[in-house]
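Chain by chain, the residues run as shown.
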Amino acid sequence: MTSRDQNEEKIRSRGVWPLGGGGLEGRFTVMIAAFEGWNDAGEAASDALKFLSGYWNADKISSIDADEYYDFQFTRPILSRDADGHRRIKWPSTRISRARVPESALDIVFVNGVEPSYKWRSYTADLMATARELDVDCVILVGALLADAPHTRPVPVTVTADDADVRETLGVESSEYEGPVGIVSVLSEVAGLADIPTLSIWAAVPHYVGHSPSPKAQLALLNKLEELLDSPVDTEALAGEAEAWERGVDELATEDPEVAAYVKQLEEAKDTAELPEATGESIAREFERYLRKRGRD
């Protein structure tokens, strides 16, 4: 049996990706990656990973050398002071850390960094070599994009997979996007070539408030990761930040009639597009998700 077959057998043996069924000996390792830059509207994706790595007390295990992959005139180092007041230069890099999710057989490898400037093929090959060393069973790529979405509605989160078995297991579709890509898409292809099942999660951030932070989009990504990993995450504090963010945008919109009219137009388009989804199947799916979360609580 190939490594790909073994990984897919693990996935199929679980009722939910990648957990839920239980009964499988050994641990299941998921690499979750997000990158600051073009793939990270409002820094929602990278902030979601930072939240999870802190929540599960991830320990740094390695990093990728910055000199090899970054243009420092484009992605400049940051000068700051530490707790003792000493000046320190922080270089753009990719941090790799690992955590064990409490009360589960799940290990998480976090890959969080800045999108590189050079040698994307070598860069992603380095990441896949690390994935092999850490016995990664699957990869989840997290991104955020600017979209024509109203801030007053739930943030749309799209889940796609190129692997047919993953699509069948989760009931998701393959991405229909064609056009310029970022490092997340390149890493997805390289992971597929390395026979590691891969899943992509994207949040749609309203383009008129696409600056960071974007706590509502961050929260939407965390909720989706919580569902896919079947591991509870306490996001109550972040939910409060998301509500405050939405109220702040509401106030800004009321001060500008043109913005208010545009938001209303987006709301009407969004509500109309979602009307066909009010089917018995979609209602049942939402109710099942509610019951699962209530059971964990």
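Residues numbered from 1 in each chain as written. Predicted model: local features only at pLDDT ≥ 70, side-chain atom pairs only at ≥ 80, totals over all residues. Heavy atoms only, no water.

Some details on the overall build of the protein chain
Then, in step 1: Assigned secondary structure in the protein chain consists of ten helices and nine strands.
Then, in step 2: The contacts in the protein chain between residues at least 6 apart in sequence include a share of 77% that link residues at least 24 apart. (Helix = DSSP H or I, 4+ residues; strand = E, 2+ residues; numbered from the N terminus. Contact = heavy atoms within 4.5 Å.)

So, the side chain of Ser231
Then, in step 1: Mapped onto the elements, Ser231 comes out in the loop between α7 (215-229) and α8 (236-254).
Then, in step 2: A distance of 3.1 Å separates a polar atom in the side chain of Ser231 from the backbone oxygen of Leu229. (Polar contact = N/O pair within 3.5 Å; in protein donor to acceptor, adjacent residues only side chain to side chain.)

Some thoughts on a positive patch on the surface
Then, in step 1: A grouping of Lys60, Arg88, Lys90 and Arg95 is seen on the molecular surface, where their side chains present a positively charged patch.
Then, in step 2: If you trace the backbone, Lys90 turns up in strand β4 (residues 87-90). (Patch = residues over 30% accessible without salt bridge, like charges linked within 9 Å, V, L, I, M, F, W, Y side chains within 5 Å. Areas by Shrake-Rupley, 256 points an atom, 1.4 Å probe, with all protein chains shown as cover. Salt bridge = Lys/Arg side-chain N within 4 Å of Asp/Glu carboxyl O. Lys, Arg positive; Asp, Glu negative; His and termini not counted. Charge placed at Lys NZ, Arg CZ, Asp CG, Glu CD.)

Here's the deal with the packing of helix α2 (residues 44-55) against α7
Then, in step 1: At a minimum axis distance of 8 Å, the contact between α2 and α7 shows a crossing angle of 55°. In this view, α2 runs oblique relative to α7, as classed from their interaxial angle. α2 and α7 meet at a crossing whose hand is right-handed. Along the contact surface, α2 presents Ala44, Ala45, Asp47, Ala48, Phe51 and Leu52, while α7 presents Ala217, Gln218, Leu221, Leu222 and Leu225.
Then, in step 2: Classifying every residue of the contact of α2 with α7 gives nine nonpolar, one polar and one charged. (Axes fitted to C-alpha atoms, helices over the stretch in contact; angles between N-to-C directions. Parallel < 35°, antiparallel > 145°, perpendicular 65-115°, else oblique. Left-handed = near helix turned anticlockwise from the far one by under 90°. Nonpolar A, V, L, I, M, F, W, Y, C, P; charged D, E, K, R; others polar.)

A closer look at the pattern of salt bridges
Side chains that differ in sign of charge can pair as their charged atoms come close.
Then, in step 1: All told, the structure shown has nine salt bridges when counted by the stated rule.
Then, in step 2: Across the salt bridge formed by Lys50 and Glu36, the nearest N and O atoms sit 3.3 Å from each other. Of this pair, Lys50 sits in helix α2 while Glu36 sits in strand β1 (residues 28-36), and the two are 14 residues apart along the sequence.
Then, in step 3: Exposure remark for Lys50: the relative accessible area of 41% places this residue in the partly exposed category.
Then, in step 4: Judged by relative accessible area, which is 25%, Glu36 ranks as partly exposed.
Then, in step 5: Notably, a salt bridge pairs Lys224 with Glu227, separated by 3.4 Å at the nearest N-O pair. One end of the pair is Lys224 and the other is Glu227, both in helix α7 and three residues apart, which spans about a single turn.
Then, in step 6: A single salt-bridge network, built from bridges that share partners, covers Arg27, Arg98, Arg100 and Asp107. (Buried < 20%, exposed > 50% of the residue type's maximum accessible area, 1.4 Å probe, protein only.)

Looking at unusual backbone geometry
Then, in step 1: Pro213 follows Ser212 through a cis peptide bond whose omega is -5°.
Then, in step 2: Position of Pro213 relative to the elements: it lies in the loop between β9 (198-206) and α7.
Then, in step 3: For Asp195, which is not glycine, the phi torsion reads 65° and is therefore positive.
Then, in step 4: By the element assignment, Asp195 lies in the loop between α6 (183-193) and β9.
Then, in step 5: Here Asp195 falls in the partly exposed class, since its relative accessible area comes to 32%.

Comments concerning the sheet that holds strand β6 (residues 106-114)
Then, in step 1: Ordered by their spatial adjacency, seven strands build an open sheet running β2-β5-β6-β1-β7-β9-β8, and the pairing between neighbours is mixed. What marks the edges here is a single partner per strand, and that holds for β2 (59-64) and β8 (157-160). On average, adjacent strands in this sheet sit at an angle of 20° to one another, irrespective of strand direction.
Then, in step 2: The sheet contact formed by β8 and β9 spans four bridges and is antiparallel. Across the sheet, the residue bridging to Val159 is Ile201, located in β9. (Pairing = 2+ DSSP bridges.)

Observations regarding a nonpolar patch on the surface
Then, in step 1: Residues Trp38, Tyr177 and Val181 make up a contiguous nonpolar surface patch of about 360 Å² in total accessible area.
Then, in step 2: If you trace the backbone, Tyr177 turns up in the loop between α5 (164-170) and α6.

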